[in-house]
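# Secondary and tertiary structure notes
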Amino acid sequence: MNDEPLLRVDRLSVAYRLGTGMLGGRRKVAAVQDVSFEIPKGATFGLVGESGSGKSTTGRAILRLLQPSGGRIVFDGRDVTAFGRRTPLSYRRDVQVVFQDPLSSLNPKQTVRTTIGQTIRRHRKLGGRELRREVDETLDMVGLSSFHGDRLPHELSGGQRQRVAIARAVAVRPKLIVCDEPVSALDVSTQGQVINLLTDLQRTLGVSYLFIAHDLDVVRHVSTTIGVMYLGRLVETGPADEVCTAPVHPYTRMLLDSALVPDPVEQAERRARRRALGRGGEPPSPLAPPPGCAFHTRCRWASEVCGAEVPQMTSTGPARRAACHHAGDPAMTG
Amino acid sequence: MTTSADITPPEEQQRHGAARRPVRASRLRRPAVLWCAVFLGVLVLVALAAPLLAPYDPLALDIKNKLASPSVAHWLGTDDLGRDVLSRLIYGARTSVVASAEVVAVALLLGVSVGLLVGYLGGLWDRVTMQVVDALQAVPALLLALAMVAVVGNGLVKAMFAVGLVFAVSFMRVTRAVVLAEREQLYVDAARVTGLGRAHIVFRQILPNVAAPLIVQASIAAGTALLIEASLSFLGVGIDTTQVSWGGMLETARQFQSEQPLLPIFPGVAIAVCVLLYNLLGDGLRDAVGVRDPAAGAPARSARTRTRLSVVERRPAEAAPASAPADGTLLSVRGLTVAAGDTELVSDVSFDVRKGETFGLVGESGCGKSVTATAVMGLLPGAVRVTGGSVLLDGRDLVRLGERELQRIRGERIGMVFQDPVAALSPSHTVGHQLGEALMVHKGMTRKQAAARSAELLSLVGVPDARRRLADYPHQFSGGMAQRVVIAAALACEPELLIADEPTTALDVTIQAQVLDLLDDLKRQLSMSVLLITHDLGVVADVCDRVAVMYAGQVVEVGSTEDLLLSPRHPYSEALLAAMPHGAPVERLATIPGRVPPAWDWPSGCRFHPRCPYAVERCGEGRPEIADGARCVRAAELTLKGVR
C-alpha cells in the first residue's frame, strides 16, 4: 500500500512584485505564506476564503502559472517546484483546471470541438476520426451532445460553457483538477447541476479536486477536507463537516455566521450570533497585513500576543489544525 | 451518465445559432462596405488584366496626336507625347495596387510578428522595442521614403518598402495591444495548463483575435500607401520611366493643363476615388467587426432587438386593472408589462411594497427582476418600453410622468443602490463632491450645509472618520466601504423608498453581512421601505419581510418570507430552495432540469411547466393567474417542501 498523498503542498509561499520603485527598489507583497496541505487520491480539498485571501494564488502556483517564492509542491512523488522553466508534458496532462468564468476561459474564436480536440491531440496522437470520437465521448461524459461540439462559446448557456470547460479538463484523464470558483458565476439551479457533474466525474474517474470557492456551503458540500485561508495564510484545516459544525478559528466562525441560508429560522439565529460578535470591521489591505495574527484586528478575542506573534498551525483534534493563539480557549467556544 | 439537464434540443440550438450568426454577416453586407469591396475588386482585376484591357501600349508615342481631346479612338484623349490616357490610367492602377500591396505586406509581416513577439514576451523586450518604435513613429512616412530613395536609388519597390516600415509600427502597436489584453485572458492560462506550447498559444489562440482590427488597419494603410505612391511619383522620385503612375500622370498634366485642361481630371479622380474607397471600406469594416467576440452574444443581440424595435411605436400604458392599493402601501406595481418590440420581457407583474418593510424580488438571471426594478425607476433603456400596467407611488402613476417629474421623484422620494458600487460612483470626483452635489440640487443647501450633511450621512452608514474621508476618491474605498458610500448617496434626500439591485452580490461574505445589517438598521431608523432585488434566497431570509419570486418574466409566488421559504406554494419556489446547498451535505443536490427559457421563447400555459415535476396536461394551456399568492393551477392540491 502506498499512502503517499497525490499532492503535498509544504510551506508554500508566493510573492508578487509590486512594480518597480523610483530608485529601482522592488516592493514585494506576500500573497501566500507558509501554506501546507495534502490531497489524497480521489479526494477533494476545499479551499475557502474571501477576496485577497490567496486561495486562487495557491491554485495558480500548483498549476505552475506562477512561480512560488518558497516551499515545495510535491505531486505524485515528484517535486513540482524543482521542474525549472519548462513544465513536463506529463504534469500538464495530470493536472488540469476549471476556472470561474467559462466565457473568458474558452477561446471565443474556437468551437468546442477545437478547444477539446487540441487538448487531446497535445497528449495523444489521434487521427481525425478517432479524435472526433474521443471528443464526442468527452462531451457525453459532461452531459453534452455531439452537436454542441460545433458551437462557439457565446452560443452556449452559462452552464453549458462550464460543462465544456470541465470537458476540456477531463479530456486527458488528469489525476488532479484545480477548480477555481467553478460555480460562483452560475445561477442557483445550474450550480447544482455542475456540482453534481463534478461529484459524478470524481466517482467514475477517481480524480482529485482542489476546490477553491468563497461559499462555505458549496465547499462543504463537495469537499472531504477544508482549508480556510485569511490574508495569505491557512488558518484552519480539518474534515469538512467538523470544520463547519465546530469551527475552532474565530475567522472560520465569522465566515460561518456570515453565510446566509434560505431558512428564515436558522438565518435569524445566525443573524443574532453575527450581531453578538460585533460588526467585524474592515478586512485589512493585503498589501499591508497587520503584524501578528492577521485576523486580530477583527477578532473579538484578540489579546496582546495576537498582535505580536504569528500563530502557527497546531493540532486541535484528530486531523484538525488551526492557527490561533487562543485555540481551545473555553471562553471562545462558549 | 448523462446528468445533463441543461441540454437543449438540437433544433432549438440551431435556431439560436442561426439567429445570432447573421448579425455580423449582415453588417458586412451593408451597401457601403459591399460597394467599396466590389469597386476595389474591380480595381485589382483591372490592374491584373491591364494588358488585355488597355487599348494601346501606355508607353507608345504618337506625337502627331498629342494632347488630343477625348474621341472614339482615344476615349480619354492623349497626353503631351500622344500616349493614350485611358491605357495609362489602366496601367497606373497596376502601379497603385502593387504599391498598396507591398506596403501592407511589409507592414503586416513585420508589424504583426514583432507585435506578437514583444506582446507575448513582455518585460525588457517589450520596453526596448517600444522605445525604438516611438522613435520611428516620429518620422513621417513620406520623408523616410524620400530618404530611402536618396540613399539606395530610385525605384518604387524600395520607396514603398520604406513606407511599409513606417506603417509596420502602427500594425505592431495594434497587435501588441490585443496580445497584451488577450494574454491575461483565462483561456490562455487554460491553454498553458493543457500543455499547449508557446507557439501554439501565440499563433492559434491569440492571433485570430488580432485579425479583425488588423483588417481595418490594412484597408486604411492601403489607401494611404496609394496616396504616398502618387505623391512620390508626382515629385518624380518614386517610379522610373518604364512605369506608369497616376501621380506621374498628374505631374505631366500640371505642365500641360493650359493646353489640355481635361488632362489632370482623370488621374486626379482615380486617386481620390480609390483612397476614398479604401477608407470607406476600412470604416465599414471597423463598424462590422467593432463588437468584440467574447461579448458578441449579448451586445449583438441587444443591437438586433434595438433595430427591430425602433419601428414599434409606443403604445400608451393601458389603464391598470386598478384595485386600489391597500392602506399602508407605498409602492404598488399593478399589471406591469414591459416589452422590447414584440418580445415581452416582463408580463403582468403586480406587487405592493408597504411602508417600512423590506420587500424582496428574487429570481435567477433572465427572470425579469432587474427589468422590473428599472421600469419602476423609469430608467428603461430606449428600446424597452412599458406597454401596460402602472407603478403607483403613493397613488401617483410613475409610468405616466414625464422625464422631468420622474427625475425629481428619483432624487427626492426614491433612492437607488446598484450591484457594483465602484461603477456607481464617478471616479474623478471626491466622495464629498458627489454626495454634496445631490444635496445642493435637490435640497437647495449651500456648499457648507451640504458638506456637513454629507459627513453626517457617511457616519450614518458606518464609514469611520467620515469628515476626513469626504475628500477621498472612490478608488480609495474598499468594496464594502464604497457600497456604504453609495447607500449614503441614495439616502441623501431621505427617500421613502430605497431600491437596491443586488446590493451585496459583488461583496465578500463577511462584508455582505455587514451591509445587510446596515440596510436593515437604516430601514428602521429612517422608517423607509426597501425594494431589494436579489438572486440569493439567503439574502431574502436575512432581511426581507415579504418576497415575490419571479420566473420567466412573471411573479410566480408572493407572500411573507417565512411562509414562502418554509411552505412554498409554487413548484419553482420549491425547486429553487432545494437546489441551494446548505447544512449537512446530501448525496446529490436537487437540480431543476433544463434552463430558464429566453424571453422570445416563453412556453405557453404556465411558463414553468416544461421543467416542473408536477406538471399535468392542463398546465400547458391557458394563462394561469396568480391566485392566493401562487401562479399555479395545482397550488391547492400540491403539498410542497420548504427549506426545513
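Residues numbered from 1 in each chain as written. Chains lettered and ligands numbered in written order. Predicted model: local features only at pLDDT ≥ 70, side-chain atom pairs only at ≥ 80, totals over all residues. Heavy atoms only, no water.

What follows is about unusual backbone geometry. Residues and elements named next belong to chain B. Positive phi, normally seen in glycine, also occurs at aspartate 348, with a value near 50°. Position of aspartate 348 relative to the elements: it lies in strand β2 (residues 343-354). Unusually for a residue other than glycine, alanine 552 sits at a positive phi of about 45°. For alanine 552, the position within the fold is in the loop between β9 (546-551) and β10 (554-560). What makes alanine 552 buried here is its relative accessible area of 0%. (Helix = DSSP H or I, 4+ residues; strand = E, 2+ residues; numbered from the N terminus. Buried < 20%, exposed > 50% of the residue type's maximum accessible area, 1.4 Å probe, protein only.)

Attention now goes to the interface of chain A and chain B. Across the contact, 83 residues belong to chain A and 83 residues belong to chain B. Buried surface at the junction of chain A and chain B, summed over both partners, amounts to about 7200 Å²; 52% is from carbon and sulfur atoms. Across the pair Arg274(A) and Asp542(B) runs a salt bridge, and its minimum N-O distance is 3.0 Å. Where chain A meets chain B, there are 24 residue pairs in polar contact (both at pLDDT 80 or more). Per-element tally for the side of chain A that touches chain B: the top contributor is helix α7 (residues 188-205) of chain A, with 13 residues. (Contact = heavy atoms within 4.5 Å. Buried area = accessible area lost by both parts, 1.4 Å probe. Salt bridge = Lys/Arg side-chain N within 4 Å of Asp/Glu carboxyl O. Polar contact = N/O pair within 3.5 Å; in protein donor to acceptor, adjacent residues only side chain to side chain.)

Let us now look at a nonpolar patch on the surface. Residues and elements named next belong to chain B. A cluster of nonpolar side chains, contributed by Leu34, Trp35, Val38, Phe39 and Val42, occupies part of the molecular surface with about 500 Å² of accessible area. Its place among the elements puts valine 42 in helix α3 (residues 31-48). Residue valine 42 is classed as partly exposed on the basis of its relative accessible area, which comes to 41%. (Patch = residues over 30% accessible without salt bridge, like charges linked within 9 Å, V, L, I, M, F, W, Y side chains within 5 Å. Areas by Shrake-Rupley, 256 points an atom, 1.4 Å probe, with all protein chains shown as cover.)

Glancing now at the sheet that holds strand β3 (residues 358-362) of chain B. All names here are of chain B. Spatially, the six strands line up as an open sheet ordered β6-β7-β8-β3-β9-β10, and their pairing is mixed. With one partner strand each, in any of the chains shown, β6 (414-417) and β10 form the two edges of the open sheet. Neighbour to neighbour, the strand axes of the sheet diverge by 15° on average, direction disregarded. Strand contacts of helix α24 (residues 571-579): β9 and β10, with the helix running at about 95° to β9, the strand carrying the most contacts. (Pairing = 2+ DSSP bridges. Axes fitted to C-alpha atoms, helices over the stretch in contact; angles between N-to-C directions.)

Residues and elements named next belong to chain A. Here chain A is described as being made up of domain 1 (37-64 + 84-245) and domain 2 (248-334). Computed from C-alpha atoms alone, the centre-to-centre distance between domain 1 and domain 2 is 30 Å. In this assembly, 19 residues from domain 1 lie in contact with 25 residues from domain 2. Of the roughly 1800 Å² buried between domain 1 and domain 2 on both sides combined, carbon and sulfur atoms contribute 60%. On the domain 1 side of the contact with domain 2, Tyr230, Leu231 and Glu236 bury the most area, a combined 33% of that side's loss. Along the contact surface separating domain 1 from domain 2 lie one salt bridge. Two residues, glutamate 236 and arginine 320, come together in a salt bridge whose shortest N-O distance is 2.6 Å. Remark: the boundary between domain 1 and domain 2 carries eight residue pairs in polar contact (both at pLDDT 80 or more). Elements with a contribution of two residues or more to the side of domain 1 that touches domain 2: α8 (216-222), β9 (225-230), β10 (233-239) and α9 (240-245). For the side of domain 1 that touches domain 2, the residue count by class is eleven nonpolar, three polar and five charged. (Domains from an automatic or database assignment. Nonpolar A, V, L, I, M, F, W, Y, C, P; charged D, E, K, R; others polar.)

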